[in-house]
Amino acid sequence: MIRDDYEVVIGLEVHCELSTKTKIFCSCSTEFGGEPNTHCCPVCMAMPGTLPVLNEKVVEYAVKAGLATNCTIEKNSKNDRKNYFYPDLPKAYQISQYDKPLCREGYVTIETDEGEKQIRIERIHIEEDAGKLNHDEYGRGTFVDLNRAGVPLIEVVSKPDLRSSKEAEAYLRKLKAIFEYIEISDCKMEQGSLRADVNVSVRKKGSKELGTRTEMKNMNSFRNIVRAIDYEAERQIEEIENGNTIEQESLRWDDISGKTFSMRDKEDAQDYRYFPEPDLVAINLTDEYIENIRKTLPELPESRKKRYKENYGLTEKAANFVTASKCYSDLFEESIKICNNPKTVGNLIMSDIARILNEREEEPDELKFTGKELGELVTLIDKGTISSAIAKKVLEELFNEVKMPSKIIEEKGWIQISDESAIKDVVMKVLENNPQSIADYKAGKDKALGFLVGQAMKETRGKANPQMLNKMFLDELNK
Amino acid sequence: MAISKDEIIHIANLACLNLSEEEIERYTLDMQEILEFANTINNVNTEGMSETIAANNKSNVLRKDEVKTFENIEMLLKNAPSQDEGMFRIPKVINN
Ligand SMILES: [Zn+2]
């Protein structure tokens, strides 16, 4: 736990790979995977004499990102060189943007325990990704694969407005959701297409000045970002309490030990000697261009959430959960068109579907079934054809093989027993076998009823209509 | 325009260059001359002129987002002193 006389201040620099077909400055494919160096050409391999040409989609996607995060779009923009040496960067400079980023001064809204909070965005700029270094386990050296070199990125820089690891996670999840909604990135953190540099500092509560910050680069899982922030904040507080000072430096987060380590950067490592990129011309955007992009923006999570609460009666929690992922939200909308029962669909997504995905260690975008199946499933529950216990089993089946739920229950023989005489038989049998429960119930132990219903469910392998069972047991017990 | 020896050492470090004492002295003088030459442009009167952000007045030279596969990767790899398994081989990079 963070001591409550201290405040944690977090800023995030989020890198997001854009889902354009080609790289930012050449016509090579951006497709993930692929044999090493097969998505390369003289431009992205930095052969002398080659010239970059900017991909028009990169500008469009970055403007889209800016508009969706309430930024001002810079009508006169340009590219700059950021100079540093590393073998994954074949030109020894990265083409980025320095003093004229495409977007400035936006914000996103996150939900916190104290209500909604706006997190300000300082800037969004475009730049190119670096290649990948493969370290050889036999010590034969390092192998350079430039397939990712030149893949377009946007970097979203937040103001230091975040005050806890929880807020940092909520902010990152919100950005991810927005970028998924506007379809500019697949935001696959496990593939590195969404990753963050995390800046952390601490200060005594009430202090106006920011403390010295440390930076953890290239974090690509929510869980590790939260752990790293909590660890680092506590470490800094302890240092300060022990009378030490915090050094501004880059740290490496180690997943396994759950600690940060100094990278022992050279003092001047941060001196990138930016200058205007002479190989590219200025980017000038007209109002008309910007407005045309604004018109293509789809409904964003904020608006969907409001609609789900107001029109469909979803709770704050359910509306938040469903809209936090575009996949969930699309699944929800498609399903309710079929079953017209938003509450049940919302609950199934929030509890069962999320749980099964979690068990399978999968993300919402890996769902194979659609609203067609989920919508029918809810219709079957509503009509009393299956119980909600059976519905959960059908869901599990849907994860294994996509089939219409009506087909699944028919094949598995899971249709709910709603036939009065059949249910009566079961009730009588259960009562006969459990005289103690009858005595308990009569002695005022209401729990005994639940036990009896449970036994009847077991007897029918979950197929009996629970409302009918309940009623019939009560009738018999109160006779 | 004065440039200090320390600054030369710093720039050399950024460029990953190892300079001898003699070279540092020489480059300090060279760099001073270059800066003085470039300084001429600082004396141009720019009052009333609008800011330019590029060396020419062209803008928006853009490319369509269409894949073109470059076929001759072998030739590009050959430029490096060492390759293996379709990749450039370089001395081991120590990744802290
Ligand atoms: Zn290329």
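Parameters and conventions
Note that residues are indexed from 1 along each chain, following the sequence as it is written. Think of it this way: whatever chain is written first is A, whatever ligand is written first is 1, and the rest follow in order. Confidence filtering applies because this is a predicted model: local features only for residues at pLDDT of at least 70, side-chain atom pairs given and counted only at 80 or more, and all residues used for totals across whole chains, interfaces and linings. Side-chain metrics in this entry use all non-hydrogen atoms of the structure; hydrogen atoms and water are not considered. By the criteria applied, helices consist of DSSP H or I runs no shorter than four residues and strands consist of E runs no shorter than two, each listed in order from the N terminus. Throughout, exposure labels follow a simple rule: accessible area from a 1.4 Å probe, protein chains only, divided by the maximum for the residue type, with under 20% read as buried, over 50% as exposed, and the rest as partly exposed. The contact rule is simple, with two residues in contact once any of their heavy atoms fall within 4.5 Å. Working convention for charge: Lys and Arg count positive, Asp and Glu count negative, and His plus the chain ends are omitted. The atom standing in for a charge is NZ when the residue is Lys, CZ when it is Arg, CG when it is Asp and CD when it is Glu. Any two strands with at least two DSSP bridges between them are considered paired. With water omitted from the atoms examined, metal sites may look incomplete; donors here are N, O and S atoms no farther than 2.8 Å from the metal, or 3.2 Å in the case of Na, K and Ca. All geometry calls rest on donor angles, where a four-donor set with angles between 85 and 135 degrees is tetrahedral, four- and six-donor sets with opposite donors more than 155 degrees apart and all others between 65 and 115 are square planar and octahedral, and all else is irregular. Each domain's limits were defined by an automated method or a database of domain assignments. Each reported salt bridge corresponds to a side-chain nitrogen of Lys or Arg within 4 Å of a carboxyl oxygen of Asp or Glu. Between N or O atoms, a polar contact is any pair within 3.5 Å; within protein, one atom must be a potential hydrogen donor and the other a potential acceptor, and residues adjacent in sequence are included only when both atoms are from side chains. Pairs were defined over the aromatic rings of Phe, Tyr and Trp, the Trp ring being its six-membered one, requiring ring centres within 6.5 Å. Orientation was assigned from the angle between planes: stacked under 30 degrees, edge-to-face over 60, tilted for the rest. Only Lys NZ and Arg CZ are tested; either one counts as a charge over a ring when it is within 6 Å of the ring centre and within 35 degrees of the ring normal. Expected span, for any helix, means 1.5 Å times one less than how many residues it has. Arc definition: directions from the helix axis to the C-beta atoms. Handedness rule for crossovers: strands pointing away from the viewer, path from the first strand over the helix to the second running clockwise, crossover right-handed. Patch definition: residues with relative accessible area over 30% and no salt bridge; like charges joined within 9 Å; nonpolar side chains (Val, Leu, Ile, Met, Phe, Trp, Tyr) joined within 5 Å. Each accessible area is a Shrake-Rupley result for a 1.4 Å probe, and residues are judged covered by the shown protein chains and nothing else.

A. Representation of the overall build of chain A. In terms of helices and strands, chain A carries 15 helices and 17 strands. Dimensions along the principal axes, computed over C-alpha positions, put chain A at roughly 90 × 55 × 55 Å. The burial tally for chain A puts 51% of its 479 residues in the buried class. Contacts in chain A between residues far apart in sequence, at least 24 positions, make up 70% of those at least 6 positions apart. Counting 71 positive and 86 negative side-chain charges, chain A places the averaged centre of each group 3 Å from the other.

B. Up close: the environment of glycine 375 of chain A. All names here are of chain A. Looking at the secondary structure, you find glycine 375 in helix H9 (residues 371-382). As a C-alpha pair, glycine 375 and valine 345 span 30 residues in sequence and 7.7 Å in three-dimensional space. Sequence-distant contacts of glycine 375, that is, excluding residues within four places in its chain, are made with Ser335, Ile338 and Cys339.

C. Structural view of the pairing of strand E10 (residues 142-145) of chain A. Here E10 of chain A shows a buried face lined by Thr142 and Val144 of chain A and a second buried face lined by Phe143 and Asp145 of chain A. When strand E9 (residues 132-135) of chain A meets E10 of chain A, the two strands line up antiparallel, connected through 4 bridges. Bridged to histidine 135 of chain A within E10 of chain A is threonine 142 of chain A. Count of turn residues in the E9 of chain A/E10 of chain A antiparallel hairpin: 6 residues, of which glycine 139 of chain A carries a positive phi of about 75 degrees. Inspection of the sheet shows E10 of chain A paired to strand E3 (residues 87-90) of chain B by 3 bridges, in the antiparallel sense. From the neighbouring strand, threonine 142 of chain A faces E3 of chain B, where its bridge partner is isoleucine 90 of chain B.

D. The arrangement of the coordination of the zinc ion in detail. All names here are of chain A. The coordination sphere of the zinc ion contains the protein donors Cys26 (SG), Cys28 (SG), Cys41 (SG) and Cys44 (SG), at a distance range of 2.3 to 2.4 Å. Angles of 97 to 115 degrees at the metal separate the 4 donor atoms of the zinc ion, which places the site in the tetrahedral class. Spacing between the donor residues of the zinc ion along their common chain follows C-x1-C-x12-C-x2-C. Of this pair, cysteine 26 sits in the loop between strand E1 (6-17) and strand E2 (54-55) while cysteine 41 sits in the loop between E1 and E2; the two residues are 15 residues apart in sequence, bridging distant segments of the chain. Taking the relative accessible area as the measure of exposure, cysteine 26 reaches 5% and is therefore buried.

E. Representation of the domain arrangement of chain A in the model. All names here are of chain A. On domain assignment, one finds that chain A holds domain 1 (6-290), domain 2 (299-412) and domain 3 (420-477). Taking only C-alpha atoms into account, the centre of domain 1 sits 34 Å from that of domain 2. Tallying the contact residues gives 13 residues for domain 1 and 14 residues for domain 2. Connecting domain 1 to domain 2 are 4 salt bridges. Where domain 1 touches domain 2, the interface holds 4 residue pairs in polar contact (both at pLDDT 80 or more). Secondary-structure elements contributing two or more residues to the side of domain 1 that touches domain 2 are strand E7 (103-112) and helix H2 (165-181). With 5 residues, H2 is the single largest residue contributor to the side of domain 1 that touches domain 2.

F. Spotlight on the sheet that holds E3 of chain B. Pairing is antiparallel in the open sheet, where 4 strands are placed in the order E9(A)-E10(A)-E3(B)-E2(B). Taken across any chain shown, the strands that pair with only one partner, and hence form the sheet edges, are E9 of chain A together with strand E2 (83-84) of chain B.

G. Summary view of the packing of aromatic side chains. Residue and element names in this part refer to chain A. Per the counting criterion, the structure on display carries 9 aromatic pairs over all chains. Ring centres of tyrosine 308 and phenylalanine 332 lie 4.5 Å apart, and the angle between their planes is 45 degrees; this geometry places the pair in the tilted category. Within this pair, whereas tyrosine 308 is found in helix H5 (residues 301-312), its partner phenylalanine 332 is found in helix H7 (residues 326-339), the two being separated by 24 residues in sequence. Within the aromatic cluster, the residues linked to one another by ring pairs are Tyr84, Tyr98, Tyr272 and Tyr274. Its guanidinium or amino end placed over the ring of tyrosine 272, lysine 82 lies 4.3 Å from that ring's centre, counting from NZ or CZ.

H. The arrangement of H5 of chain A in detail. All names here are of chain A. In this model H5 runs 15 Å from its N-terminal to its C-terminal C-alpha over 12 residues, within 8% of the 16 Å that 1.5 Å per residue would give. If you check which residues of H5 are buried, you get Pro301, Arg304, Lys305 and Tyr308. Axial view of H5: buried residues confined to an arc of 105 degrees, hence all on one face. Of the exposed residues in H5, those oriented more than 90 degrees away from the buried face are Lys306, Glu310 and Asn311. Here the buried face of H5 lies against E7, strand E8 (115-128), H2, helix H6 (316-323) and H7. Phi turns positive one or two residues past the end of H5, at glycine 313, with a value near 70 degrees.

I. Focus on the pairing of strand E13 (residues 214-219) of chain A. Residues and elements named next belong to chain A. Pairing geometry for strand E12 (residues 194-204) and E13, over 4 bridges, is antiparallel. Within E13, the position partnered with valine 200 by the bridge is threonine 214. Bridge count between E13 and strand E14 (residues 249-254): 3 bridges; the pairing is parallel. Pairing of methionine 216 across the sheet is with leucine 251, part of E14. As for the winding sense of the linkage, the β-α-β connection from E13 through helix H3 (residues 222-241) to E14 is left-handed.

J. Main features of a negative patch on the surface. Taken together, Asp186, Glu190, Glu363, Asp365 and Glu366 of chain A make up a surface patch of like negative charges. By secondary structure assignment, the location of glutamate 363 of chain A is in the loop between helix H8 (342-359) and H9.

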